[in-house]
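# Breakdown of the fold
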Amino acid sequence: LDPTFARMAISMRAWYGDQQAGLAMSTPVAGLRMGAVGMLKFLDSPRFPQDEVDLQRALLRQAIHQRNRYPAQVAAREFRKHLFGATSVQARQTEFATIDALDRKQVLKFHLAWAQPDTMIVGVWGDFYTPNVKTFLTNTFGSLEPANIKLPAFPKEEEAEPGVYTAAIPNA
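Residues numbered from 1 in each chain as written. Predicted model: local features only at pLDDT ≥ 70, side-chain atom pairs only at ≥ 80, totals over all residues. Heavy atoms only, no water.

## Quick notes on the overall build of the protein chain
Spelled out, the test is: For the purposes of this entry, the term helix denotes a DSSP run of H or I that reaches at least four residues, the term strand denotes a run of E that reaches at least two, and both are numbered from the N terminus. For this measure, only C-alpha atoms enter the radius of gyration; the expected value for a globule follows 2.2 Å times N^0.38, where N is the number of residues.
Across its full length, the protein chain carries seven helices and two strands. Sequence-ordered secondary structure for the protein chain, helices as α and strands as β, is α-β-β-α-α-α-α-α-α. Taking 172 residues into account, the globule formula puts the C-alpha radius of gyration at 16 Å, and the protein chain, at 21 Å, lies well above it. Taken over the C-alpha atoms alone, the protein chain extends approximately 55 × 35 × 35 Å along its principal axes.

Below, the structure is given as structure tokens:
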């Protein structure tokens, strides 16, 4: 779809973060139908080419090497640890071992498990006739079957200890 998308001025990107994921599309109204088909195809059968997985892993490794570069980032990271507790989900940070343990198969498995209709919100903005776009979205996405995903329980959070804290930056 990439060359066709480029000819029609359609762009699409997907991302996963610590607490959310997204799939965004930008298109002229004429490309809406083709773009929606592309989104559905991505949700149902993503490619995740190995070279892209390797590139993202390299970028994550580079981010770890640079995470102590800016004092504000160090302060924010350490603040989260003290505010939420060192073992809190809110205080987690990516480590080399985490990245090394990931492979394309796991990324694909995660995507297929979690990129489901009952975990999505579809938002549309721009200059269009709302009733037509609403009908289009209902016809396009309305037939998706919910996966009835059982969300995991929230981990028990530890209590933060009051105090004054400092952050040591290695090799600074």
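Back to the write-up after that little detour.
## Observations concerning the pattern of salt bridges
Heads up, the rule is: What makes a salt bridge here is a side-chain nitrogen of Lys or Arg within 4 Å of a carboxyl oxygen of Asp or Glu, nothing more. Remark: exposure states derive from per-residue accessible area (1.4 Å probe, protein chains only) relative to the maximum for the residue type, with buried under 20%, exposed over 50%, and partly exposed in between.
Within the structure shown, the criterion is met by four salt bridges. Here Arg77 and Glu78 are joined by a salt bridge, their closest N and O atoms 3.8 Å apart. Across the pair, Glu78 and Arg77 agree in class, each one buried. Here Glu78 makes a salt bridge to Lys81, at a shortest N to O gap of 3.5 Å. In this pair, Glu78 and Lys81 both sit in helix H4 (residues 71-84), three residues apart, roughly one turn of the helix. Connected via shared salt-bridge partners are Arg77, Glu78 and Lys81.

## Comments concerning a negative patch on the surface
To keep it simple, the criterion reads: Exposure above 30% relative accessible area and no salt bridge define the residues that can form patches, which grow by joining like charges within 9 Å and nonpolar side chains of Val, Leu, Ile, Met, Phe, Trp and Tyr within 5 Å. Where accessible areas are quoted, they stem from the Shrake-Rupley method and a 1.4 Å probe; at the residue level, only the protein chains shown are allowed to cover. Charge assignment in this entry is limited to Lys and Arg as positive and Asp and Glu as negative, and neither His nor the chain termini are counted. For the purpose of locating charges, the reference atoms are NZ of Lys, CZ of Arg, CG of Asp and CD of Glu.
A contiguous patch of negative charge on the surface is contributed by Glu157, Glu158, Glu159 and Glu161. The exposure class assigned to Glu158 is partly exposed, which follows from its relative accessible area of 38%.

## A word on the side chain of Gln116
Cut-off, in case you're wondering: Polar contacts here mean pairs of N or O atoms no more than 3.5 Å apart (in protein, one a potential hydrogen donor and the other a potential acceptor; neighbouring residues in sequence count only if both atoms are side-chain atoms). By definition, residues are in contact when any of their heavy atoms lie within 4.5 Å.
Along the chain, Gln116 falls in the loop between helix H6 (104-114) and helix H7 (130-141). A polar atom in the side chain of Gln116 sits 2.6 Å from the backbone oxygen of Leu112. Those residues within four positions of Gln116 in sequence are excluded, and the remaining contacts are Ala147 and Ile149.

## Describing the nonpolar core
The following threshold applies: Throughout this description, the term nonpolar core refers to a set of buried Ala, Val, Leu, Ile, Met, Phe, Trp, Tyr and Cys residues connected via side-chain atoms within 4.5 Å.
Core analysis: the biggest nonpolar cluster contains five residues, these being Leu32, Ala36, Val133, Phe136 and Phe141. Sorting the residues of this core by element identifies helix H2 (32-44) and H7 as the ones contributing at least two each. Considering each element in turn, this core owes the most residues, three residues, to H7. Discounting chain neighbours no more than four positions away, the residues touching Phe141 are Ala36 and Leu40.

## Let's talk about the packing of aromatic side chains
Note the following rule: Only rings of Phe, Tyr and Trp enter the pairing, Trp through its six-membered ring, and a pair is recorded when the two centres are within 6.5 Å. The plane angle decides the type: under 30 degrees is stacked, over 60 is edge-to-face, the rest tilted.
Within this structure, the stated rule accounts for two aromatic pairs. Considering the side-chain rings of Phe42 and Phe48, the 6.1 Å spacing of their centres and the 65° angle between planes classify their relative orientation as edge-to-face.

## What to know about H4
For clarity, the threshold we go by: Helix span, expected: 1.5 Å multiplied by one less than the number of residues in the helix. It is the directions from the helix axis to the C-beta atoms whose arc is reported.
Relative to the 20 Å expected for 14 residues at 1.5 Å per residue, H4 spans 20 Å between its end C-alpha atoms, a close match to the ideal helical length. Taken together, the buried positions of H4 are occupied by Val74, Arg77 and Glu78. What you see down the axis of H4 is that its buried residues fit within an arc of 90°, all on one side. Seen from the open side of H4, the exposed residues pointing more than 90 degrees away from its buried face are Ala72 and Phe79. Gly85, located one to two residues past H4, shows a positive phi value of around 105°.

## Describing unusual backbone geometry
Within the chain, Ala9 stands out as a residue other than glycine whose phi angle is a positive 60°. Examined against the element boundaries, Ala9 turns out to sit in the loop between helix H1 (2-7) and strand S1 (11-16). Taking relative accessible area as the criterion, Ala9 reaches 51% and is therefore assigned exposed. Here the phi dihedral of Phe48 falls at roughly 45°; this positive angle occurs in a residue that is not glycine. Note that Phe48 resides in the loop between H2 and helix H3 (50-66). Among the residues examined, Phe48 registers a relative accessible area of 16% and is labelled buried.

In short, shape yes, function no, at least from these values alone.
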